[in-house]
Amino acid sequence: MTKKQNPWLKYIVLLIIALVLLLVVSLKNRRYQPKITDVFDVNIEDVTAFTVSKDTVSVTLVKGDTSWVFAEPDTGVVRDNRIQNFFDNVVAAKKSGFITKNPEKYDQYNVSAEKGLKVELKKGEFILATIYLGRSKTSWSQDYIRYPDDPKVYISQKKMLSYVSERASFWR
């Protein structure tokens, strides 16, 4: 007596082989995708002050009892929406892969100590984190990020420089 073979068996085997190949290709390609991480590795509630500076112009904002205020000698009222935008779009920002490790190209990406916008997050007088931000000349939706102790220049996931400035008038 001959057994009848299931007519769908060869299609099921082909489907299983195709799924295994798809899984292998997917795992192989995942290795080349840039890892998306936080720009700042700090707890937002720990930030009690921040300083933004470029060249000789600098502004420091300090968390008061109920709102943010300028550090001496600046005066004026700090706009709450500017502070909220800063924390939402700069402090909580994401970065992807790096574009260069060559310190000679820092000026090209506007992240050198002279050309970059320096952002320092503080808890009291203790500095939690520091970055240099540089404007991208090729993309309107991204900026460049460099850490003082890391030679790599990273790419931000979205525009950060629109939400931060070294001028006190920006925050008023």
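As a reminder, the structure under discussion sits directly above these lines.
Described below are features of the structure shown in this document. (Residues numbered from 1 in each chain as written. Predicted model: local features only at pLDDT ≥ 70, side-chain atom pairs only at ≥ 80, totals over all residues. Heavy atoms only, no water.)

1. Quick notes on the pairing of strand 7 (residues 126-135)
Put simply, the rule is: Two strands form a pair only when DSSP identifies at least two bridges running between them. Secondary structure follows DSSP: runs of H or I at least 4 residues long count as helices, runs of E at least 2 residues long count as strands, and numbering of each begins at the N terminus.
As judged from the seven bridges shared by strand 6 (residues 117-123) and strand 7, these two strands associate in the antiparallel manner. The partner of Val119 across the bridge, within strand 7, is Ile131. With antiparallel pairing between neighbouring strands as the criterion, strand 6 and strand 7 make up a hairpin whose turn holds two residues, including Gly124 at a positive phi of roughly 70°. Inspection of the sheet shows strand 7 paired to strand 8 (residues 143-146) by four bridges, in the antiparallel sense. Looking at the pairing, Tyr132 lines up with Arg146 of strand 8.

2. Describing the packing of aromatic side chains
The test is simple: The pairing test for Phe, Tyr and Trp rings, Trp by its six-membered ring, is centres within 6.5 Å, and the orientation test on the planes gives stacked under 30 degrees, edge-to-face over 60, and tilted for anything in between. Three labels apply to residues, based on accessible area from a 1.4 Å probe with only protein chains included: buried if under 20% of the type maximum, exposed if over 50%, partly exposed otherwise in between. Working rule: Lys NZ or Arg CZ, within 6 Å of ring centre, within 35 degrees of ring normal, means a charge sits over the ring.
As enumerated under the stated definition, the model contains eleven aromatic pairs in all. When the ring of Trp8 is compared with that of Tyr11, the centres are 5.9 Å apart and the planes differ by 55°; the resulting orientation is tilted. Aromatic pair Phe86 and Trp171: ring centres 5.7 Å apart, planes at 80°, arrangement edge-to-face. Of this pair, Phe86 sits in helix 2 (residues 80-91) while Trp171 sits in helix 3 (residues 168-171), placing them 85 residues apart in sequence. We note that Phe86, like Trp171, is buried. Site record: aromatic cluster; members linked through ring pairs are Phe50, Trp68, Phe86, Phe87, Phe170 and Trp171. Here the guanidinium or amino end of Arg82 rests over the ring plane of Phe170, the centre of that ring lying 4.1 Å away. Geometry around Phe70 places Arg172 over its ring, the cationic atom sitting 5.1 Å from the centre.

3. Focus on a nonpolar patch on the surface
Selection criterion: Patch definition: residues with relative accessible area over 30% and no salt bridge; like charges joined within 9 Å; nonpolar side chains (Val, Leu, Ile, Met, Phe, Trp, Tyr) joined within 5 Å. All accessibility values rest on the Shrake-Rupley procedure with a 1.4 Å probe; residue burial counts only the protein chains present in the view. Just to be clear on terms, a salt bridge is a Lys or Arg side-chain nitrogen sitting within 4 Å of an Asp or Glu carboxyl oxygen.
On the surface, a nonpolar cluster with roughly 1100 Å² of combined accessible area is contributed by Trp8, Leu9, Tyr11, Ile12, Val13, Leu14, Ile16, Ile17, Val20, Leu21 and Val24. The exposure class of Leu14 is exposed, given its relative accessible area of 55%.

4. Description of the layout of surface pockets
Quick note on the threshold: Only protein atoms enter the 1 Å grid, on which a cavity is a set of points fitting a 1.4 Å probe that cannot get out and a pocket is an open set with protein on both sides within 12 Å along at least 5 of 7 lines, lining residues being those with an atom within 4 Å of a point. Grid points are joined across faces, edges and corners, and a volume is the space filled by probe spheres set on the points. For this scheme, ten residues count as nonpolar: Ala, Val, Leu, Ile, Met, Phe, Trp, Tyr, Cys and Pro. Four count as charged, namely Asp, Glu, Lys and Arg, and the remainder, Gly too, count as polar.
In this structure, the largest pocket occupies an estimated 230 Å³ of space. Surrounding the largest pocket, 13 residues form its lining, Lys63, Trp68, Ile83, Gln84 and Phe87 being those nearest its centre. Considering every element that reaches the lining of the largest pocket, the biggest residue donor is helix 2, with four residues. Looking at the lining of the largest pocket residue by residue, the class counts come to five nonpolar, four polar and four charged.

5. Details of the pattern of salt bridges
Under the definition given, this model contains four salt bridges. One salt bridge connects Lys94 with Asp38, and the closest N-O pair in it is separated by 2.5 Å. In this pair, Lys94 is assigned in strand 5 (residues 94-100) and Asp38 in strand 1 (residues 37-38), connecting sequence segments 56 residues apart. Note that Asp143 and Lys159 form a salt bridge whose closest N and O atoms lie 2.7 Å from each other. Taken as a pair, Asp143 in strand 8 and Lys159 in the loop between strand 9 (153-156) and helix 3 lie far apart in primary sequence, 16 residues in all.

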